Amino acid sequence: TEDGSRRIDGWVDAAALATGRGFADALTASEIAGAASAPIVLVRGDGGALDPAMKATLNELGATSAMIAGGRGSVSACVEVSLISAGIGVTRYGGANRYDTSQLINAAM
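Residues numbered from 1 in each chain as written. Predicted model: local features only at pLDDT ≥ 70, side-chain atom pairs only at ≥ 80, totals over all residues. Heavy atoms only, no water.

Engineer: Help me get a handle on the pairing of strand β2 (residues 40-43), residues and values and all.
Structural biologist: Here β2 shows a clear split, with Val-41 and Val-43 buried on one side and none of Ile-40 and Leu-42 buried on the other. Where strand β1 (residues 14-19) lies against β2, four bridges are found, and the strand directions are parallel. Opposite Leu-17, over in β2, you have Val-41 as the bridge partner. Handedness of the β-α-β unit built from β1, helix α1 (residues 24-36) and β2 comes out right-handed. (Buried < 20%, exposed > 50% of the residue type's maximum accessible area, 1.4 Å probe, protein only. Helix = DSSP H or I, 4+ residues; strand = E, 2+ residues; numbered from the N terminus. Pairing = 2+ DSSP bridges. Right-handed = clockwise from strand over helix to strand, strands pointing away.)

This is how it looks when you write it as structure tokens:
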């Protein structure tokens, strides 16, 4: 583009989301990403809404759906609501702990 940024519009249909604040859910998200040929987008999962930079990234990727790895303690409900408000479908794989989350993802993939 004129400003030197790289455009990747329409690259994917889906993205895997996980918190970047811990390794367990992000590692487990790799299974979602691999199965769906989707990138992993690490987000700030605590309390607040999805930040503008992450929304822009998902829009540039062309993602119409997001698969969240982890419960609401990892990626908040506010992030989920932000995705839905942006027109992105959401599927959450979140168990009582990292082991349950991993089992849910394994069963789904």
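Engineer: So what about the side chain of Thr-101? Which residues, and what values?
Structural biologist: Relative to the assigned elements, Thr-101 resides in helix α4 (residues 98-108). A distance of 2.8 Å separates a polar side-chain atom of Thr-101 from the backbone nitrogen of Gly-95. The contacts of Thr-101, once residues within four sequence positions are left out, are Asp-25, Gly-70, Tyr-93, Gly-94 and Gly-95. (Polar contact = N/O pair within 3.5 Å; in protein donor to acceptor, adjacent residues only side chain to side chain. Contact = heavy atoms within 4.5 Å.)

Engineer: Which residues make up the sheet that holds β2, and what values go with them?
Structural biologist: The four strands are arranged β2-β1-β3-β4 in an open sheet whose pairing can be described as parallel. Each edge of the sheet is formed by a strand with only one pairing partner; in this case those strands are β2 and β4 (89-93). Sheet twist, expressed as the average angle between the axes of neighbouring strands with direction ignored, equals 25°. Inspection of the sheet shows β1 paired to strand β3 (residues 65-69) by four bridges, in the parallel sense. Along β3, the bridge assignment pairs Ala-14 with Ser-65. Strands β1, β3 and β4 of the sheet are contacted by helix α3 (residues 77-85), whose axis makes an angle of about 155° with β4. (Axes fitted to C-alpha atoms, helices over the stretch in contact; angles between N-to-C directions.)

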